[in-house]
Amino acid sequence: MVKDLNLTETEMRDLGYRVVDTLVTHFNELPQKKPVALGTRKEMDFLFLEEAPQGATQVNDVLDFVVKNVFTNTNLVTHPKSYAFVPGPSNYVSVMADTLATGFNTFSGGWNASPAASELEIVTINWLLKMFGLPPKKGGGLFTSGGSVANLTALVTARNKMCGEDFSKARIYLSDQAHSSNVKAIRIMGLKKEQIRIIPTDSEYRFSVNKLKNAIARDRLEGYVPFCVIASAGTTNTGTVDPLQEIAIICKEEKIWFHIDAAYGGAAILSQQGKKLLKGIQKADSITVDPHKWFYQPYEMGCLLVRDHSWLKNTFIEKPEYLRDIEGNESEINFYDMGMQLTRRFRALKLFMSIKTFGLDAFAKAITYNIELAEIVERLLRESSRWEVISSASLAIINFRYNPISLELSEKEIDELNQHIASKVTESREAILATTILNGQVVLRMCLINPRTTIDDVKETLLQCESFASLKLENVFSV
Ligand SMILES: *Cc1c(COP(=O)(O)O)cnc(C)c1O
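- The protein goes by Glutamate or tyrosine decarboxylase in an unreviewed UniProt entry, where it is assigned to Winogradskyella jejuensis.
- As stated in UniProt under Sequence similarities (unreviewed entry), the record for the protein gives "Belongs to the group II decarboxylase family."
- According to the UniProt record, the Cofactor (unreviewed entry) comment for the protein is "pyridoxal 5'-phosphate".

## Considering the packing of helix H6 (residues 147-163) against helix H11 (residues 309-316)
- Where H6 contacts H11, the two axes come as close as 9 Å, and the packing angle between them is 85°. In this view, H6 runs roughly perpendicular relative to H11, as classed from their interaxial angle. Where H6 approaches H11, its residues Thr153, Val156, Thr157, Asn160 and Lys161 are matched on the opposing element by Trp311, Leu312, Asn314, Thr315 and Phe316.
- Of the residues assigned to the contact of H6 with H11, the class counts are four nonpolar, five polar and one charged.

## Focus on the sheet that holds strand E7 (residues 302-306)
- If you walk across this open sheet you meet the seven strands as E1-E7-E6-E5-E4-E2-E3, and the pairing is mixed. Edge positions in the open sheet fall to strand E1 (140-144) and strand E3 (196-199), since each of these has one partner strand only. Looking at each pair of strands side by side, their axes are set apart by 20° on average, direction ignored.
- With four bridges joining them, strand E6 (residues 286-289) and E7 adopt antiparallel strand pairing. Note on E7: the bridge partner recorded for isoleucine 287 is leucine 305.
- Against the sheet, H6 touches E1, strand E2 (170-175), strand E4 (225-232), strand E5 (257-262), E6 and E7, its axis set at about 175° to E5.

## Observations concerning the sheet that holds strand E9 (residues 397-402)
- The four strands are arranged E8-E9-E11-E10 in an open sheet whose pairing can be described as antiparallel. Of all strands in the sheet, those with a lone pairing partner are strand E8 (387-394) and strand E10 (434-438), marking the two edges. Neighbour-to-neighbour, the strand axes of this sheet turn through a mean angle of 35°, independent of strand direction.
- Relative to E9, E8 is paired through five bridges, and the arrangement is antiparallel. Each residue of the ladder has a partner; that of tryptophan 387, found in E9, is tyrosine 402.
- Contacts from helix H13 (residues 360-383) reach E8 and E9 within the one sheet, and its direction differs from that of E8 by about 160°.

## Details of the site of the ligand
- Near the ligand, the surroundings consist of 14 residues, among which Ser148, Asp261, Asp290, His292 and Lys293 are the closest.
- In the environment of the ligand, a nitrogen atom lies 2.7 Å from a nitrogen or oxygen atom belonging to the side chain of aspartate 261.
- Between the ligand and histidine 292 there is a distance of 2.8 Å, counted from an oxygen atom to a side-chain nitrogen or oxygen.
- Here the ligand loses 86% of its free accessible area of 380 Å² to cover by the protein chains.
- When residues in the shell around the ligand are grouped by element, the largest group, three residues, is from H6.
- For the shell around the ligand, the residue count by class is two nonpolar, nine polar and three charged.

## Points about the UniProt feature "modified residue: N6-(pyridoxal phosphate)lysine" (unreviewed entry) in the protein
- With numbering aligned to this structure, UniProt lists the feature "modified residue: N6-(pyridoxal phosphate)lysine" (unreviewed entry) at Lys293.
- Since its relative accessible area comes to 14%, lysine 293 is described here as buried.
- Beyond its immediate chain neighbours, meaning those up to four positions away, lysine 293 contacts Val86, Pro89, Ala263, Tyr264 and Ile449.

Parameters and conventions
- Residues numbered from 1 in each chain as written.
- Predicted model: local features only at pLDDT ≥ 70, side-chain atom pairs only at ≥ 80, totals over all residues.
- Heavy atoms only, no water.
- UniProt positions renumbered as here; feature names shortened; annotations may be inferred.
- Axes fitted to C-alpha atoms, helices over the stretch in contact; angles between N-to-C directions.
- Helix = DSSP H or I, 4+ residues; strand = E, 2+ residues; numbered from the N terminus.
- Parallel < 35°, antiparallel > 145°, perpendicular 65-115°, else oblique.
- Contact = heavy atoms within 4.5 Å.
- Nonpolar A, V, L, I, M, F, W, Y, C, P; charged D, E, K, R; others polar.
- Pairing = 2+ DSSP bridges.
- Near = heavy atom within 4 Å.
- Polar contact = N/O pair within 3.5 Å; in protein donor to acceptor, adjacent residues only side chain to side chain.
- Areas by Shrake-Rupley, 256 points an atom, 1.4 Å probe, with all protein chains shown as cover.
- Buried < 20%, exposed > 50% of the residue type's maximum accessible area, 1.4 Å probe, protein only.

Here it is as structure tokens:
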């Protein structure tokens, strides 16, 4: 054995314990930390740029260097004041599960390589199928790196099933609020821009069903082949759920594949409110969910669920001669036949271990807490004459802007003021807060899916926003 790539047993234990200590300290000290990293390329080059070293360094020194310089220069998306984009609350059990999966370097591609890993993927996919009301026996799915790859896998499957080899006349429909990864996926699939139909949303950012119907009818008249509609169950901007039941009816009548991108909102199905909002999701042909968002899993973990597992296999199976010894029988699923990846990490383990440890009730409680927190924040904002709610709390997302009624600011001034607030908060590093654009207005957006976030955290951030706004307004009015 070559010694050079190995540590002694003592060194291995020591390194492992130090890594665990670092992580536990990180989680415990989160509230005292500032979540924003502001490094420029120049500063990062200064810290890290070097030639690959020819010689060795003590692993403890390498770890010290990394803890000191790397994780102090990355955003802390698990932080209670991480509100922007979609935070990644994560959970410690899954962190350890990922460590185990990596430690054993389990190959989660084929049944023969690791029957238990394949079985756990089958089991956890079944849990999810049941949650979303897809047929447990016939249905199937797989874990992916994230929602983007789950969407791509879904749309390739839809195209294969609905169009076969010739998709030159194919048309696909999605709303202007659908996640950008869908258009990215469609482009990767080789569809042209004009084959993508972006349908405007209504005043509540929901897929406009009439406009969808009209677009499909017009395309049919012109000889095109409508093959897929993508609805969102929780848009990333506003947490809005498209009218799933109505779209399901259209898809059924028109014999069109119904894909639901529930990467953001899917987990809400575990809560009472979410269950109501997501009504109709069980009618989908395919559903994307993203366990590394609201199922509190660490990166990377996306998931695609389909109504009929044979659709995936029919789309992706290739039988190269070097895999002939491990084909197995029908019931022993090779997940490399179900999607793009051959070598796959063992993602199912973290979902399995965390759900076993905490139980679904704990997940449901946390998700309900998140949804209600956003509703409390909405009430707070509505009670104030300085804040304006732009989109109501929906699936733990709320959009609002600073706009004191008494000042009668112009739209341009309000936009600038809110952009200024977000920049100043970022500069202070106290909270990860960003703007988005709704109806042409610059708004502040909070995505409150972290169970560590308290109402006091949000109040503190709002107060901070108000003080930055006041300072700015004083300056403007004194000039
Ligand atoms: C986050 C998100 C995606 C993309 O998922 P990744 O895991 O970031 O690849 C797709 N759709 C929606 C609605 C999302 O919120």
